[in-house]
Amino acid sequence: MLFCSKCSKHFRFPRYNNPRKLLDTREGRCGEWANAFTLLCLALGYEARLISDWTDHAWTEVYSNSKKCWLHCDPCENVCDKPLLYEAGWKKKLTYIIAFSKYEVQDVTWRYTSDFESVLKRRNYCREEFVLSCISTIQKRLEQSLKREVLNKIFERRARELACFFSPAQPENESYSGRTSGSLAWRIARSESGFASPQSAYVFKLIPEEIKQRHFHVQYCSASDKYIRANTSINIEGWMSCTFSHRNIFRKVENDWKMVYLAPTEGSKEGNISWKFDFQGHGLVISKIKMNLMSKTFDCGNVRWLLFPNPYKESPVHLTAGIHPIEITELATLQVLLLLLNLLLVISGKMHKFFVSPWIQQPFHLKWRFVSKNIKKT
């Protein structure tokens, strides 16, 4: 069941595995795409196998007779033969990646990483001997019904594949981007956007004074470049220090105009900042949100403020920036939210200086009030 924040209704999103059904529904996420794409590859005469990534993704591998190897193919991302995409582009912390076909099961994790040691440390669900034993048992069962010539072909490919795993690929000469499928906030929440982030993505959490007052109040001022938590002693310097993620944004000081603001970096068509708030674990839920959001554009820009009631939901609440505060009571009972600022430079026929674009002088001023979980909102 999924929740739509626009119509405030729950709706079913069934996850079908049968590719024939998927060709009828034509809906799904990575698993459905990979299932359907693998079927189509097999129907066209290619040898293909389904790849399952234990960090929540799926894609296809197709065998290339000319290269004599399995090629990574991700139908969701429209990408072929870029196996380091997830580690180098999405910044995923890979663990187990298993290939499944009619003839075999194979651990192919090593094709998708250039850092064997780090991956091995994260593979702690069970002992490596147990993984090998399970795969070997399944393979023996599958091989029982295969003809000798088919087995010889599989053994030859497997030996060549294992030999390649001893020489990990390196990402230096390739360009990798973050995930492109799914909403921007969903990708950010999953840390798969490829956005530059602080060493540790910041998440706002309640402190004892705020829990006692049942009131969270934070504001950022671009002039002083500080985050201030009202009614507390917390003042944090630097706009990047409290962001959950950011990309193509910088703080511009205009001495002539006597202005300081955040804007897209020079040459960028788009910039994004997100702030995450997690108020779980204190027996409180949000009863009311009050926000002052300030932003401006000149000729060619567009600014979007989006509030995601849950970082993993697809439907955001679109917010309107201005001098008047925004009050929201419809999001009561929530505990986790993601605020996303999207600055988009719309190209026109005019020549503009790079800072003639969307910008924010005082990004936000937020007040959140809470009630106990067992108290109904009146």
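Residues numbered from 1 in each chain as written. Predicted model: local features only at pLDDT ≥ 70, side-chain atom pairs only at ≥ 80, totals over all residues. Heavy atoms only, no water.

Caption draft 1: Focus on the sheet that holds strand 3 (residues 48-53). Spatially, the six strands line up as an open sheet ordered 6-5-4-3-7-8, and their pairing is antiparallel. Two strands close off the open sheet at either side, each with one partner strand: strand 6 (79-80) and strand 8 (105-107). Against the sheet, helix 2 (residues 30-43) contacts strand 3, strand 4 (57-64) and strand 5 (69-74), and its axis sits at roughly 20° relative to strand 4. Contacts between helix 5 (residues 128-143) and the sheet are confined to strand 7 (97-100) and strand 8, with strand 8 contributing the most and set at about 155° to the helix. (Pairing = 2+ DSSP bridges. Helix = DSSP H or I, 4+ residues; strand = E, 2+ residues; numbered from the N terminus. Contact = heavy atoms within 4.5 Å. Axes fitted to C-alpha atoms, helices over the stretch in contact; angles between N-to-C directions.)

Caption draft 2: Highlighting the nonpolar core. Counting 29 residues, the largest nonpolar core has W275, F277 and L319 as its most contacted members. Counting residues per element, the ones that place at least two in this core are strand 10 (215-221), strand 16 (270-278), strand 17 (284-293), strand 18 (301-308), strand 20 (326-328) and strand 21 (336-345). Here this core gets five residues from one element, more than from any other, and that element is strand 17. In this structure, I97, A99, Y112 and V119 belong to the second largest nonpolar core, which totals 13 residues. (Core = buried A, V, L, I, M, F, W, Y, C linked by side-chain atoms within 4.5 Å. Buried < 20%, exposed > 50% of the residue type's maximum accessible area, 1.4 Å probe, protein only.)

Caption draft 3: Representation of the packing of aromatic side chains. The final tally for this structure, using the stated rule, is 17 aromatic pairs. Aromatic pair Y63 and W70: ring centres 5.2 Å apart, planes at 75°, arrangement edge-to-face. On the basis of relative accessible area, Y63 is assigned to the buried category, the value being 10%. Taken together, a centroid distance of 5.0 Å and an interplanar angle of 15° make the contact between F204 and F277 stacked. (Phe/Tyr/Trp six-rings, centres within 6.5 Å; stacked < 30°, edge-to-face > 60°.)

Caption draft 4: Layout of the environment of L341. With respect to the helices and strands, the residue L341 is situated in strand 21. We classify L341 as buried; its relative accessible area is 0%. Along the primary structure L341 and L306 are separated by 35 residues, whereas in three dimensions their C-alpha atoms are 6.5 Å apart.

Caption draft 5: Representation of helix 5 in the model. Compared with the 22 Å implied by 1.5 Å per residue over 16 residues, the 22 Å span of helix 5 between its first and last C-alpha is a close match. Along helix 5, the residues classified as buried are V131, I135, Q139 and E143. Down the axis of helix 5, the buried set is contained in an arc of 90°. They therefore lie on one face. Facing away from the buried surface of helix 5 by more than 90 degrees, the exposed residues are E129, K140 and R141. Those residues of helix 5 hidden inside the fold are in contact with strand 7, strand 8 and helix 6 (148-165). (Expected span 1.5 Å × (residues − 1). Arc of directions from axis to C-beta.)

Caption draft 6: Spotlight on the pattern of salt bridges. The final tally for this structure, using the stated rule, is 19 salt bridges. A salt bridge links R111 to E61, with the shortest nitrogen-to-oxygen separation between them at 2.8 Å. Of this pair, R111 sits in the loop between strand 8 and helix 4 (116-122) while E61 sits in strand 4, and the two are 50 residues apart along the sequence. In this structure, R111 and E61 share a single accessibility class: buried. Between E156 and R160 there is a salt bridge whose closest N-O contact spans 2.9 Å. Of this pair, E156 and R160 both sit in helix 6, four residues apart, roughly one helical turn. (Salt bridge = Lys/Arg side-chain N within 4 Å of Asp/Glu carboxyl O.)

Caption draft 7: Representation of a nonpolar patch on the surface within the structure. A contiguous nonpolar patch, built from W54, F100 and Y125 and spanning about 340 Å² of accessible area, is present on the exposed surface. Inspection of the secondary structure assignment puts W54 in the loop between strand 3 and strand 4. The exposure class assigned to W54 is partly exposed, which follows from its relative accessible area of 42%. (Patch = residues over 30% accessible without salt bridge, like charges linked within 9 Å, V, L, I, M, F, W, Y side chains within 5 Å. Areas by Shrake-Rupley, 256 points an atom, 1.4 Å probe, with all protein chains shown as cover.)

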